[in-house]
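Each chain is listed here by its residues.
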Protein chains: 2
Amino acid sequence: MKRNTWQRQAVRDALGEKPGFVSAQDLHAALREAGSPIGLATVYRALADLAGDGDADSLQSAEGESLYRACVSPGHHHHLICRSCGTTVEIEADDVEQWAAKTAARHGFTQPRHVVDIFGLCPACSAS
Amino acid sequence: MKRNTWQRQAVRDALGEKPGFVSAQDLHAALREAGSPIGLATVYRALADLAGDGDADSLQSAEGESLYRACVSPGHHHHLICRSCGTTVEIEADDVEQWAAKTAARHGFTQPRHVVDIFGLCPACSAS
DNA sequence: GCCGGTAATGAGAATCGTTGTCAAATACCG
DNA sequence: CGGTATTTGACAACGATTCTCATTACCGGC
């Protein structure tokens, strides 16, 4: 049984208002900023519930934080990372998305998540 | 200037002996198990250096740990990994190889390496 | 070989994000 | 309304990683 508390709603709303990915900490900070006396643990729980119910996606940032985004907005992307200076460029990879899903399915795997990142030297670092 | 200490070598060797991805903690545990009095901080530093020099790849596990693996041995391939029981299936991804190279080039990046792995639930674990 | 500068080491503390605990608050059903 | 199980929230606990800093030991030059 799932209850409909204003806290849960607040998290859902706050998540929907952010265009991209947000960390749980950032969401909590934003909510407090907006006047909600909501607790940090509650934000984590609400986000976990949303992700579990498929209402949000979650992934790990390069720094190890868990990031969430409202599920509706498109924009799943990957990264092109300079292994010298660390700059990252966001890239799209629709082809790869489909390939990953297909490949997983062909081997009987379900609930596929994938890691697709390219490491290289950015133009600046290539020059030196 | 980079110094060649037995600790660094030990980390490099230990990483090379593991087939897939290993966490820093696991590597450290394995090394201690093997008799090395190596320190945890040193393992982290060695892994960070290896990753920085392109001698190792790193990625984040679904649980938020940093995982490392020795860098691309001859037969380049990717993995389909069950996040419940850990089984891995080797997969080929020629399409993705080309896509990665092209994408890197389009953004002016050179010497591209990539990490392409899919995590999911294997048939056995999907059933339960 | 031996020496000195200097980067690397390591033990423990500190930090950060996240999860657990548990009493108090409260949404839902009747 | 009243009962009850779920949720909340402050705080403690936790695990992974990073920092600190005194000590060690490479390495290049003599």
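Check the entry above for the structure.
Parameters and conventions
Residues numbered from 1 in each chain as written. Chains lettered and ligands numbered in written order. Predicted model: local features only at pLDDT ≥ 70, side-chain atom pairs only at ≥ 80, totals over all residues. Heavy atoms only, no water. Pairing = 2+ DSSP bridges. Helix = DSSP H or I, 4+ residues; strand = E, 2+ residues; numbered from the N terminus. Contact = heavy atoms within 4.5 Å. Axes fitted to C-alpha atoms, helices over the stretch in contact; angles between N-to-C directions. Near = heavy atom within 4 Å. Polar contact = N/O pair within 3.5 Å; in protein donor to acceptor, adjacent residues only side chain to side chain. Buried < 20%, exposed > 50% of the residue type's maximum accessible area, 1.4 Å probe, protein only. Core = buried A, V, L, I, M, F, W, Y, C linked by side-chain atoms within 4.5 Å. Patch = residues over 30% accessible without salt bridge, like charges linked within 9 Å, V, L, I, M, F, W, Y side chains within 5 Å. Areas by Shrake-Rupley, 256 points an atom, 1.4 Å probe, with all protein chains shown as cover. Salt bridge = Lys/Arg side-chain N within 4 Å of Asp/Glu carboxyl O. Lys, Arg positive; Asp, Glu negative; His and termini not counted. Charge placed at Lys NZ, Arg CZ, Asp CG, Glu CD. Nonpolar A, V, L, I, M, F, W, Y, C, P; charged D, E, K, R; others polar. Expected span 1.5 Å × (residues − 1).

Residues and elements named next belong to chain B. Pairing is antiparallel across the open sheet formed by three strands, whose spatial order is 1-3-2. Edge positions in the sheet fall to strand 1 (22–23) and strand 2 (56–60), since each of these pairs with one other strand and no more. Taken together, the two bridges between strand 1 and strand 3 (residues 66–70) define a ladder with antiparallel strand orientation. Within strand 3, the residue paired with Val 22 across the bridge is Tyr 68. Contacting strand 1, strand 2 and strand 3, helix 1 (residues 6–17) runs over the sheet at an angle of about 85° to strand 3.

On to the protein's contact with DNA strand C. Close to DNA strand C lie 20 residues, the nearest being Tyr44(A), Ser66(A), Thr5(B), Thr42(B) and Arg45(B). Here a base nitrogen of DNA strand C sits 3.2 Å away from a polar atom, N or O, in the side chain of Arg3(A). For the surface near DNA strand C, the elements supplying multiple residues, two or more each, are helix 3 (40–52) of chain A together with helix 1 and helix 3 (40–52) of chain B. With four residues, the single largest contributor to the surface near DNA strand C is helix 3 of chain A.

Further remarks concern the environment of Leu121(A). All names here are of chain A. Looking at where Leu 121 falls in the secondary structure, it is placed in strand 6 (residues 110–121). Judged by relative accessible area, Leu 121 falls into the buried class, the value being 14%. Along the primary structure Leu 121 and Ile 81 are separated by 40 residues, whereas in three dimensions their C-alpha atoms are 7.7 Å apart.

What follows is about the nonpolar core. Trp99(A), Ile118(A), Trp99(B) and Ile118(B) are the most contacted members of the largest nonpolar core, which totals 24 residues. Residue assignment for this core shows that the elements contributing at least two residues are strand 4 (78–82), helix 4 (94–106) and strand 6 of chain A together with strand 4 (78–82), helix 4 (94–106) and strand 6 (110–121) of chain B. If near-sequence neighbours (up to four positions away) are discounted, Trp99(B) is found in contact with Ile91(A), Glu92(A), Ala93(A), Val96(A), Val116(A) and Ile118(A).

Next up on the list: a negative patch on the surface. A surface patch of negative charge is lined by Glu92(A), Asp94(A), Asp95(A), Glu92(B), Asp94(B) and Asp95(B). Listed by contribution, the elements that provide at least two residues to the negative patch are helix 4 of chain A together with helix 4 of chain B. With respect to the helices, strands and loops of the structure, Glu92(B) is situated in the loop between strand 5 (88–91) and helix 4.

What follows covers the protein's contact with DNA strand D. Taken together, 20 residues surround DNA strand D, and among them Thr5(A), Thr42(A), Arg45(A), Asn4(B) and Tyr44(B) come closest. Backbone sugar and phosphate groups make up 64% of those atoms of DNA strand D lying within 4 Å of the protein. In the model, a phosphate oxygen of DNA strand D is placed 2.4 Å from a nitrogen or oxygen of the Tyr44(B) side chain. Separating a phosphate oxygen of DNA strand D from a backbone N or O atom of Ser66(B) is a distance of 2.8 Å. Elements with a contribution of two residues or more to the surface near DNA strand D: helix 1 (6–17) and helix 3 of chain A together with helix 3 of chain B. Tallied by class, the residues present in the surface near DNA strand D amount to seven nonpolar, seven polar and six charged.

Note: strand 4 of chain A against strand 6 of chain A, four bridges, orientation parallel. Looking across to strand 6 of chain A, one finds that Cys82(A) is bridged to Gly120(A). Relative to strand 6 of chain B, strand 6 of chain A runs antiparallel, the two being bridged by nine bridges. By the bridge assignment for strand 6 of chain B, Phe119(A) is matched with Arg113(B).

For helix 4 of chain B, which comprises 13 residues, the first-to-last C-alpha distance of 18 Å matches the rise-based estimate of 18 Å (1.5 Å per residue) to within 8%. One or two steps after helix 4 of chain B, the chain reaches Gly108(B), where phi turns positive at roughly 80°.

Residues and elements named next belong to chain B. In this structure the tally under the stated criterion is five salt bridges over all chains. As a salt-bridge pair, Asp 49 and Arg 8 come within 2.5 Å of each other at their nearest N and O atoms. Here Asp 49 is found in helix 3, whereas its partner Arg 8 is found in helix 1, with 41 residues between them in sequence. Looking at Asp 49, the relative accessible area reads 33%, which means it is partly exposed. Residue Arg 8 is classed as partly exposed on the basis of its relative accessible area of 26%.

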